[in-house]
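Here are the chains, one letter per residue:
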Amino acid sequence: MITRRTFSICLGSTLLAACTRGGAPSSAPASRMRAVPNAGWDAWVAGFKGRAASQGISQSTIDRAFQGAGYLPDVIERDRNQVEFKRSLEDYLAIAASDERISTGQKMLRQYNGTLSQIEAQYGVDKEIVVAVWGLESRYGARRGDVPVVSALSTLAYDGRRGQFFESQLIAALKILQNGDTTPDKMTGSWAGAMGHTQFIPTSYLAYAVDFTGDGRRDIWSDDPTDSLASTAAYLSRAGWVRGQPWGGEVGTVSGTPVAVLQPQKPGPRIAVFRNFQVIKRYNNSDSYAIGVGHLADRIAGGAPFQASFGPDANGLTLDDRKELQRRLTSQGYDTKGADGVIGKNTTSAISAYQSANGLAVTGEPSVALLRRLGG
């Protein structure tokens with residue numbers, strides 16, 4: 001099991017210490033992940049095939065897996081240009097528990113309620129928690145990734161920073177193919193090899209994935225999320241989930257003796273956490289992620305947002321101010337690609353464009369003065 005040791009607001013590819021995006025899974029269209037000839041990769045693959053065979057992978061599986069596979073330079077570019085987007089808890093929750101993510105989660109809870117109730121009964125993990133993990137990992141299946149996993153992992157094993165790790169993932173991927181759970185053309189995922197609705201890396205898949213539908217395959221790739229959701233519950237259950245116990249919550253809203261009280265951001269809510277909070281961190285070793293999953297689950301279930309205010313940021317703007325700034329910029333032709341209150345590259349680019357067009361010093365930074373200048 002591999003988890004991120006530092007948080008980088010990457011709501012996808014959990015179970016893998018290799019994510020790069022700010023707010024959504026990184027899954028570039030396949031047309032942008034084209035294989036190119038590479039003699040070094042060819043030679044590496046030739047040597048790898050022998051190592052795979054020595055670990056029990058059949059020749060037919062190896063041949064099928066690498067038929068059509070190739071070297072993906074875009075994967076290496078992403079691996080070498082990762083950026084840690086360190087966000088405040090307020091910014092993280094603005095994305096993780098956005099109105100859209102809550103409403104979609106409630107819709108998915110209704111749509112799959114029967115299946116989720118069966119999963120909860122079997123594994124003891126609250127169905128809202130399972131749905132919340134699904135929401136954070138792939139936006140409820142909308143962004144599972146479409147990069148060929150064998151190509152991605154072999155590229156990273158050959159030319160990446162962590163060759164041994166990615167070779168172990170590639171061996172695991174071949175074992176999945178050999179088991180008949182999927183086929184090479186359907187085995188797609190993120191650029192770093194995380195797969196399915198809840199983004200399992202191959203070794204974690206082998207250890208924890210389950211066939212809940214009973215069709216003989218642990219299918220986390222299809223549009224039907226059943227096996228993925230059950231596999232997530234199975235993982236959390238084996239990690240020590242305590243049936244019937246809350247993950248935590250804002251101090252004063254949950255009963256029982258917590259194992260700790262956290263305040264990740266001051267000012268901000270004080271959060272009492274229980275053992276299940278630590279279990280969620282086994283899925284992704286980040287306090288912010290675990291709070292995000294727990295809080296999103298609570299909101300999906302109809303709970304209230306945190307009551308304590310985070311207060312204004314270093315620029316004197318509250319979350320609502322930042323949302324309004326984004327709305328005003330967009331309405332004047334400087335598109336921020338949404339109004340979630342999180343100041344990322346789209347917003348800073350829009351601010352810079354506005355400043356340049358209006359003869360202002362180009363800083364790309366939000367401010368109270370800029371909000372006022374943009375008017376109502």
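Keep in mind that what you see is a predicted model, and the values were worked out from it rather than measured.

Some words on the overall build of the chain
Moving on, step 1. Looking only at helices and strands, the chain has 16 helices and 5 strands in total.
Moving on, step 2. In terms of overall dimensions, the chain is globule-like: its C-alpha atoms have a radius of gyration of 22 Å, near the 21 Å expected for 376 residues.
Moving on, step 3. Along the first, second and third principal axes, the C-alpha set of the chain runs to 65 × 55 × 35 Å.
Moving on, step 4. Expressed as a percentage of its 376 residues, the buried residues of the chain come to 52%.
Moving on, step 5. Restricting the contact set of the chain to residue pairs at least 6 apart, pairs at least 24 apart contribute 67%.
Moving on, step 6. Of the roughly 15,800 Å² that the chain leaves accessible, carbon and sulfur atoms contribute 46%.

Concerning the UniProt feature "domain: Transglycosylase SLT" (unreviewed entry) in the chain
Moving on, step 1. This chain's UniProt record puts "domain: Transglycosylase SLT" (unreviewed entry) on residues 42-254 and 262-298.
Moving on, step 2. Between the C-alpha atoms that bound residues 262-298 the distance is 18 Å, and the span itself is 57% helix and 11% strand.

With respect to the packing of helix α2 (residues 59-66) against helix α9 (residues 163-179)
Moving on, step 1. Remark: α2 packs on α9, axes separated minimally by 10 Å, with the N-to-C direction vectors making an angle of 110°. In this view, α2 runs roughly perpendicular relative to α9, as classed from their interaxial angle. Listed contacts from α9 to Thr61, Arg64, Ala65 and Phe66 of α2 are Leu170, Leu174, Leu177 and Gln178.
Moving on, step 2. Tallied by class, residues from the contact of α2 with α9 come to 5 nonpolar, 2 polar and 1 charged.

With respect to unusual backbone geometry
Note: most residues except glycine have negative phi, and most peptide bonds are trans.
Moving on, step 1. Here lysine 266 and proline 267 are connected by a cis peptide whose omega angle stands at -10°.
Moving on, step 2. If you trace the backbone, proline 267 turns up in the loop between β4 (260-262) and β5 (271-273).
Moving on, step 3. The residue tyrosine 140 is not glycine, and still its phi comes out positive at about 60°.
Moving on, step 4. Looking at the secondary structure, you find tyrosine 140 in the loop between α7 (127-138) and β1 (147-148).
Moving on, step 5. Located in the positive-phi region is lysine 337, a residue other than glycine, with phi close to 60°.
Moving on, step 6. Counting through the fold element by element, lysine 337 comes out in the loop between α14 (319-331) and α15 (345-357).
Moving on, step 7. With relative accessibility at 61%, the residue lysine 337 sits in the exposed group.

Describing the sheet that holds β4
Moving on, step 1. In space, the 3 strands of this open sheet follow the order β3-β5-β4, with antiparallel pairing throughout. Of all strands in the sheet, those with a lone pairing partner are β3 (248-250) and β4, marking the two edges. Each adjacent strand pair in this sheet contributes to an overall mean axis angle of 20°, direction not counted.
Moving on, step 2. Pairing of β3 with β5 involves 3 bridges; the strand directions are antiparallel. If you follow glutamate 250 over to β5, its bridge partner there is isoleucine 271.

Topic: the packing of aromatic side chains
Two measures describe an aromatic ring pair: the distance that separates the ring centres and the angle between the ring planes.
Moving on, step 1. Following the criterion strictly, the structure yields 14 aromatic pairs and no others.
Moving on, step 2. Note on tryptophan 44 and phenylalanine 48: the rings are 5.1 Å apart at their centroids and 10° apart in plane angle, and the pair reads as stacked. Of this pair, tryptophan 44 and phenylalanine 48 both sit in helix α1 (residues 39-54), 4 residues apart, which is roughly one turn of the helix.
Moving on, step 3. On the basis of relative accessibility, which here comes to 14%, the residue tryptophan 44 falls in the buried class.

Description of the environment of tyrosine 158
Moving on, step 1. Tracing the backbone through its elements, the reader meets tyrosine 158 in helix α8 (residues 149-159).
Moving on, step 2. Residue classification places tyrosine 158 among the partly exposed residues on the basis of a relative accessible area of 29%.
Moving on, step 3. Tyrosine 158 sits 82 residues away from isoleucine 76 along the chain, and the two C-alpha atoms are 9.9 Å apart.
Moving on, step 4. Other than its neighbours up to four places away in sequence, tyrosine 158 contacts Asn38, Gly40, Trp41, Trp44 and Tyr71.

Criteria and thresholds
- In this convention, every chain numbers its residues from 1, walking through the sequence in written order.
- Totals for whole chains, interfaces and linings use all residues, but because this is a predicted model, local features are given only for residues with pLDDT of at least 70 and pairs of side-chain atoms are given and counted only at 80 or more.
- Computation of side-chain values covers all heavy atoms of the structure but excludes hydrogens and water.
- Secondary structure elements are taken from DSSP: a helix is a run of H or I of four residues or more, a strand is a run of E of two residues or more, and numbering for both begins at the N terminus.
- Just to be clear, the radius of gyration here is over C-alpha atoms, and the globule rule we use is 2.2 Å times residues to the power 0.38.
- Categorising residues by exposure relies on relative accessible area from a 1.4 Å probe, with only protein chains included: less than 20% of the type maximum marks a residue as buried, more than 50% marks it as exposed, and the intermediate range marks it as partly exposed.
- Residue contacts follow a heavy-atom distance rule, with two residues in contact if any of their heavy atoms lie within 4.5 Å.
- For accessible areas, the Shrake-Rupley method is used with a probe of radius 1.4 Å. Any residue's cover is judged against the shown protein chains and nothing else.
- UniProt positions are given in the numbering used here, feature names are shortened, and annotations may be inferred rather than shown by experiment.
- To obtain each axis, a line is fitted to C-alpha atoms, and for helices this fit is confined to the stretch in contact; angles are then taken between N-to-C directions over 0 to 180 degrees.
- Should an angle fall under 35 degrees it is taken as roughly parallel, and over 145 as roughly antiparallel, whereas 65 to 115 is taken as roughly perpendicular and any remaining angle as oblique.
- The residue classification treats Ala, Val, Leu, Ile, Met, Phe, Trp, Tyr, Cys and Pro as nonpolar and Asp, Glu, Lys and Arg as charged. All others, Gly included, are polar.
- Strand pairing requires that DSSP identify at least two bridges connecting the strands.
- Any two of the Phe, Tyr and Trp rings considered here, Trp counted by its six-membered ring, make a pair once their centres fall within 6.5 Å; the pair's planes then place it as stacked at under 30 degrees, edge-to-face at over 60, or tilted in between.

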